[in-house]
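Structure at a glance
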Amino acid sequence: DAKTTQPPSMDCAEGRAANLPCNHSTISGNEYVYWYRQIHSQGPQYIIHGLKNNETNEMASLIITEDRKSSTLILPHATLRDTAVYYCIAYTKGAQKLVFGQGTRLTINP
Amino acid sequence: GAVVSQHPSRVICKSGTSVKIECRSLDFQATTMFWYRQFPKQSLMLMATSNEGSKATYEQGVEKDKFLINHASLTLSTLTVTSAHPEDSSFYICSARAPDHQETQYFGPGTRLLVL
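Described below are features of the structure shown in this document. (Residues numbered from 1 in each chain as written. Chains lettered and ligands numbered in written order. Predicted model: local features only at pLDDT ≥ 70, side-chain atom pairs only at ≥ 80, totals over all residues. Heavy atoms only, no water.)

**Brief notes about the nonpolar core**
We apply this condition: Within this scheme, the nonpolar core is defined by two criteria: the residues are buried Ala, Val, Leu, Ile, Met, Phe, Trp, Tyr or Cys, and they are joined through side-chain atoms within 4.5 Å. We call a residue buried when its accessible area falls under 20% of the maximum for its residue type, exposed when it is over 50%, and partly exposed in between, using a 1.4 Å probe and counting protein chains only. A run of DSSP states H or I qualifies as a helix once it reaches four residues; a run of E qualifies as a strand once it reaches two. Both are numbered from the N-terminal end.
Counting residues in each nonpolar core, the largest one holds 42 residues, and the members touching the most others are A:Leu98, A:Phe100, B:Tyr36, B:Phe107 and B:Leu113. Here the element with the most residues in this core is strand β9 (residues 90–98) of chain B; it accounts for 6 residues. With 21 residues, the next largest nonpolar core counts A:Leu20, A:Cys22, A:Ile47 and A:Cys88 among its residues.

Now the structure itself:
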């Protein structure tokens, strides 16, 4: 699976949109971009995934560039409960393992 | 959504004893479950892949005789840490792949193990 690169940390004000970038320049055509987050001392929580098109669900939006070399996870109205480590993973469906990098530690400030 | 549970949520044991951790998929059947370990301030590391009805596949460096995995049904996988030592103290997390959710992996809440 392709390697992803994320900034180690980000801050965002409560109520504002949090935009988390991810680079995956070596992603292959059958690899999806998955986003998970891990709140302190909990298991990772699935957020969203996409292949080529932008995706939106009740938690977030995922914007994937046309060349698929990067993507952005958008939390439209961040709350204090969104403080967590966010992981961007390039993943082939049915593959045996998710490879977690160091992720981005997002802190939402009041 | 797809829900995965783990039991116990935390356990403290003496060195040399064995500890069993259960992972259950509550609302779906999972032919494949995964076991991860996470040390403080580190990312998740895959330990092994558990396939229902067959032997688990272990990642390089993970001792299969120390971390026994059993996937006896489509909703239950167990991880037994045998002869636990203080260095086995960690956060153990399982995940299950949900066929009806586009093969997405869903994670349990984790089990914190402390070996004294």
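**Observations regarding the pattern of salt bridges**
Residue and element names in this part refer to chain B. Stated formally: Any carboxyl oxygen of Asp or Glu that lies within 4 Å of a side-chain nitrogen of Lys or Arg is treated as forming a salt bridge with it.
All chains considered together, the criterion is met by 3 salt bridges over all chains. Ionic pairing is found between Arg24 and Glu22, a salt bridge with its closest N-O pair at 3.4 Å. Under the relative-accessibility criterion, Arg24 is labelled partly exposed at 33%. You can call Glu22 partly exposed: its relative accessible area is 24%. Of the charged contacts, one joins Asp88 and Lys66 as a salt bridge, the two residues approaching to 2.9 Å between their closest N and O atoms. Here Asp88, found in the loop between β8 (76–81) and β9, pairs with Lys66, found in the loop between β6 (57–58) and β7 (67–73); they are 22 residues apart in sequence, far enough to count as distant. The class for Asp88 is buried, based on a relative accessible area of 5%. On the basis of relative accessible area, Lys66 is assigned to the buried category, the value being 12%.

**Points about the sheet that holds β8(B)**
Residues and elements named next belong to chain B. The condition is simple: Whether two strands pair depends on DSSP finding at least two bridges between them. Every angle, taken between N-to-C directions, lies between 0 and 180 degrees, and every axis is a line fitted to C-alpha atoms, over only the stretch in contact when it is a helix.
If you trace the 4 strands from one edge of the open sheet to the other, you get β1-β3-β8-β7, paired in antiparallel fashion. Each of the sheet's edge strands pairs with one partner strand only, and the pair in question is β1 (4–7) and β7. Along the sheet, successive strands turn relative to each other by an average axial angle of 15°, direction set aside. Across 6 bridges, strand β3 (residues 19–25) lies against β8 in antiparallel orientation. Note on β8: the bridge partner recorded for Lys20 is Thr80.

**Focus: the sheet that holds strand β2 (residues 18–23) of chain A**
All names here are of chain A. Ordered by their spatial adjacency, 4 strands build an open sheet running β2-β7-β6-β5, and the pairing between neighbours is antiparallel. In this open sheet, the two edge strands, each paired with only one partner strand, are β2 and β5 (55–56). Where β2 and strand β7 (residues 70–75) come together, 6 bridges link them in antiparallel fashion. Bridge pairing in β7 places Asn23 opposite Ser70.

Bear in mind that shape data such as this cannot, by itself, settle questions of function.
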